[in-house]
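A structural walkthrough
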Amino acid sequence: MSYVDEALERVKAKNASEPEFLQAAEEVLDSLRPIVDANEETYRRQALLERITEPDRQFKFRVPWVDDSGQVQVNTGYRIQFNNAIGPYKGGLRLHPSVNTGVIKFLGFEQIFKNALTGLPIGGGKGGSDFDPKGKSDREVMAFCQSFMTELCKYIGPDTDVPAGDIGTGAREIGYMFGQYKKIKSAYEGVLTGKGLSYGGSLARTEATGYGLLYITEELVKCHGESMEGKTVVISGAGNVAIYATQKAQQMGAKVVTCSDSTGWIYDPEGIDVALLKDVKEVRRARLTEYAKERKSAEYHEGRGVWSVKCDIALPCATQNELGIEDAKQLVANGCMAVCEGANMPTTIEATKYLQENGVWFIGGKAANAGGVATSALEMSQNSERLSWSFEEVDAKLKQIMVNIYHNIDEAAKRYGAEGNYVMGANIAGFEKVAEAMLAQGVV
Ligand code: NDP
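Quick look at the structure, then. (Residues numbered from 1 in each chain as written. Predicted model: local features only at pLDDT ≥ 70, side-chain atom pairs only at ≥ 80, totals over all residues. Heavy atoms only, no water.)

A word on the overall build of the protein chain. On a plain count of helices and strands, the protein chain comes out with 18 helices and 13 strands. Taking 444 residues into account, the globule formula puts the C-alpha radius of gyration at 22 Å, and the protein chain, at 21 Å, falls close to it. By principal-axis analysis of the C-alpha atoms, the protein chain measures approximately 65 × 55 × 45 Å. When the 444 residues of the protein chain are sorted by exposure, 57% land in the buried category. (Helix = DSSP H or I, 4+ residues; strand = E, 2+ residues; numbered from the N terminus. Rg over C-alpha atoms; globule rule 2.2 N^0.38 Å. Buried < 20%, exposed > 50% of the residue type's maximum accessible area, 1.4 Å probe, protein only.)

Looking now at the site of the ligand. By nearness alone, 24 residues border the ligand, and Asp 166, Thr 209, Ser 262, Arg 287 and Asn 344 come closest of all. Contacts to the ligand include Lys 134, whose side-chain N or O atom sits 2.8 Å from an oxygen atom. A distance of 3.4 Å is found between an oxygen atom of the ligand and a backbone nitrogen or oxygen belonging to Gly 168. In the complex, the protein chains occlude 82% of the 890 Å² of accessible area that the ligand would expose alone. Broken down by secondary-structure element, the contributors of at least two residues to the shell around the ligand are α9 (205–223) and α10 (240–251). The class makeup of the residues in the shell around the ligand is six nonpolar, twelve polar and six charged. When residues of the shell around the ligand are sorted by domain, at least three fall in each of domain 2 (55–189) and domain 3 (208–368). (Near = heavy atom within 4 Å. Polar contact = N/O pair within 3.5 Å; in protein donor to acceptor, adjacent residues only side chain to side chain. Areas by Shrake-Rupley, 256 points an atom, 1.4 Å probe, with all protein chains shown as cover. Nonpolar A, V, L, I, M, F, W, Y, C, P; charged D, E, K, R; others polar. Domains from an automatic or database assignment.)

Before going further, it helps to examine a nonpolar patch on the surface. A cluster of nonpolar residues, Val 66, Val 72 and Val 74, forms a patch on the protein surface that exposes about 240 Å² of accessible area. Looking at the secondary structure, you find Val 66 in strand β1 (residues 57–66). A relative accessible area of 38% places Val 66 in the partly exposed class. (Patch = residues over 30% accessible without salt bridge, like charges linked within 9 Å, V, L, I, M, F, W, Y side chains within 5 Å. Salt bridge = Lys/Arg side-chain N within 4 Å of Asp/Glu carboxyl O.)

Charged atoms that come close allow side chains of opposite charge to pair. For the coordinates displayed, the defined rule picks out 34 salt bridges. Residue Lys 154 is joined to Glu 151 by a salt bridge in which the shortest nitrogen-to-oxygen separation is 2.8 Å. When salt bridges with common partners are traced through the structure, they connect Glu 6, Arg 10, Glu 40, Arg 44 and Glu 50 into a single cluster.

If you trace the backbone, Glu 419 turns up in the loop between α17 (391–415) and α18 (422–440). A residue is classified by how much of its surface remains accessible, and Glu 419, at 62% relative accessible area, is exposed. When the C-alpha positions of Glu 419 and Asn 358 are compared, they lie 15 Å apart, and in sequence the two are 61 residues distant. Discounting residues that sit within four places of it in the chain, Glu 419 has contacts with Ala 413 and Lys 414. (Contact = heavy atoms within 4.5 Å.)

In this model, helix α1 (residues 3–14) (twelve residues) spans 17 Å end to end at C-alpha, consistent with the 16 Å of a helix rising 1.5 Å per residue. Within α1 the residues assigned to the buried category are Tyr 3, Val 4, Ala 7, Leu 8 and Val 11. Projection of α1 onto a plane perpendicular to its axis shows the buried side chains occupying an angular sector of 130 degrees, all on one side. Of the residues in α1, the exposed ones pointing more than 90 degrees away from the buried face are Glu 9 and Ala 13. (Expected span 1.5 Å × (residues − 1). Arc of directions from axis to C-beta.)

Ordered in space as β1-β2-β4-β3-β5, the five strands form an open sheet in which the pairing is mixed. Bordering the open sheet on either side are β1 and β5 (161–164), each of which pairs with just one other strand. When the angles between neighbouring strand axes are averaged without regard to direction, this sheet yields 20 degrees. In the sheet, strand β3 (residues 89–95) pairs with strand β4 (residues 123–129) via five bridges, with the strands oriented parallel. Within the sheet, the bridge partner assigned to Leu 93 lies in β4 and is Gly 127. (Pairing = 2+ DSSP bridges. Axes fitted to C-alpha atoms, helices over the stretch in contact; angles between N-to-C directions.)

What follows deals with the sheet that holds strand β7 (residues 255–256). On the basis of which strands lie adjacent, the open sheet formed by five strands has the order β7-β6-β11-β12-β13 and parallel pairing. Two strands lie at the open edges of the sheet, namely β7 and β13 (361–363), each paired on one side alone. For strand β11 (residues 313–315) and strand β12 (residues 338–340), the ladder comprises two bridges, and the chain directions are parallel. Directly across from Ile 313, in β12, lies its bridge partner Ala 338.

Moving on, we get to the nonpolar core. Of all hydrophobic cores here, the largest spans 107 residues; its most connected members are Phe 109, Tyr 291, Leu 315, Ile 363 and Phe 431. The biggest single contributor to this core is α18, with ten residues. (Core = buried A, V, L, I, M, F, W, Y, C linked by side-chain atoms within 4.5 Å.)

With that settled, the discussion passes to the packing of helix α2 (residues 19–31) against helix α6 (residues 101–117). For the pair α2 and α6, the least separation of the axes is 7 Å and the interaxial angle reads 25 degrees. Between α2 and α6, the angle is such that the two are roughly parallel. The residues of α6 that touch α2, namely those facing Glu 20, Phe 21, Ala 24, Ala 25, Glu 27 and Val 28, are Gly 102, Val 103, Lys 105, Phe 106, Phe 109, Glu 110 and Phe 113. Residue classes in the contact of α2 with α6 are distributed as eight nonpolar, one polar and four charged. (Parallel < 35°, antiparallel > 145°, perpendicular 65-115°, else oblique.)

Our focus in this paragraph is the pairing of strand β2 (residues 72–83). As paired strands, β1 and β2 are joined by ten bridges and run antiparallel to one another. Across the sheet, Lys 60 pairs through a bridge with Tyr 78, a residue of β2. The loop that links β1 with its antiparallel partner β2 comprises five residues; one of these, Gly 70, has a positive phi angle of about 95 degrees. Across six bridges, the pairing between β2 and β4 is antiparallel.

We now examine the side chain of Arg 94. Tracing the backbone shows Arg 94 in strand β3. For Arg 94, a relative accessible area of 3% corresponds to the buried category. Of note is the side chain of Arg 94, whose polar atom sits 2.6 Å from the side chain of Asp 166.

Below, the structure written as structure tokens:
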């Protein structure tokens, strides 16, 4: 049996109750076959795959807080420090009722390779809680964030582990968490990224994931002789990534005709009105029905349906496993040329294979949404220097990082005889760097 198959069997036996983690591990290890086969003896002897699929450590803790009626509520907090071979652990905090150990573990595992791809010195980690900020008052969100950080602060630090935002954790939550960390530690340090501009945040961090997604998508289509100008784009989600992906796509001359949230989706043939979308989602924190009410050209539909709309380019930007095999078939039938993932693992393995086999250029989230964490690392650099860079400076660095990522994954895929397989290229390029550092650092 090959070393990859052996390692996968072990991962499955040890993590049977964590389907998202198994899905991520299978996807990554499967695509590493060419590089693992070429180095089988060393990697097996060094138990490299066993080590890389086992987190350095994971924390799970109680988060008690008091709601507005005086009732004590209890949530579960998580932080997984997966791998720090190339730098301090880095990865977001997800606040969503669906959060559990398996979800955080899959995200932390993917983060190792994504962070390596940025070319910056950051390791992989992830955290969060099953707390749902939706419908909570500001005071309740603060109470939760303070309690969460009271425990989390024992495990993180600017040179150890630097969390950031993710689903449900925006500027408000990061602010409350930073305040609590500072109070407990009596230290003003860059322990979180995604901070507000007045207290150490980086310009362009808010836009980074969505903008970065479009920079890599633009490079992809350009290298295939196309441009973004005049393309019809469908985007899912209506959160941070989706909003800024929509904005940059439109700046590039494309027309974005959809967005969605967890209850429904919008089809707007005139092109999404980004200012209205931002007002509905960022300011009013309302449902998309509000957008439809105020925009004559928009249709609102309950449930899912974004992938049924005819498009040239599809950008899933909501959540994991939101694009399945039937969606992939519909995209191919409608002539979609490219799918680039803004969210983490939004496309199922089956759907990914179908898209690739049918000639759709597919860039997975590890590469395509790396702009967020890359800019977080730029925020860490600015905090260490105690300086702030201009928007243009950060944005230019982000663009260069995304263009480099495209060429690195393209080149890695070609080197291993899989030209055009950007999923394999991304996994191999990220893994190569981490594996080299792990081997150099001995058995730790
Ligand atoms: P937000 O919380 O800002 O937005 C998430 C969006 O997805 C919302 O519109 C939300 O709708 C929708 N959504 C969430 N869960 C579901 C679900 N189960 N079904 C359907 N829709 C859902 O998160 P972000 O935009 O920050 O993150 C989106 C994705 O991008 C995630 O996978 C995240 O891990 C990934 N990512 C984010 C980065 C960042 O910098 N923000 C960096 C890299 C990756 P509703 O409001 O109704 O819940």
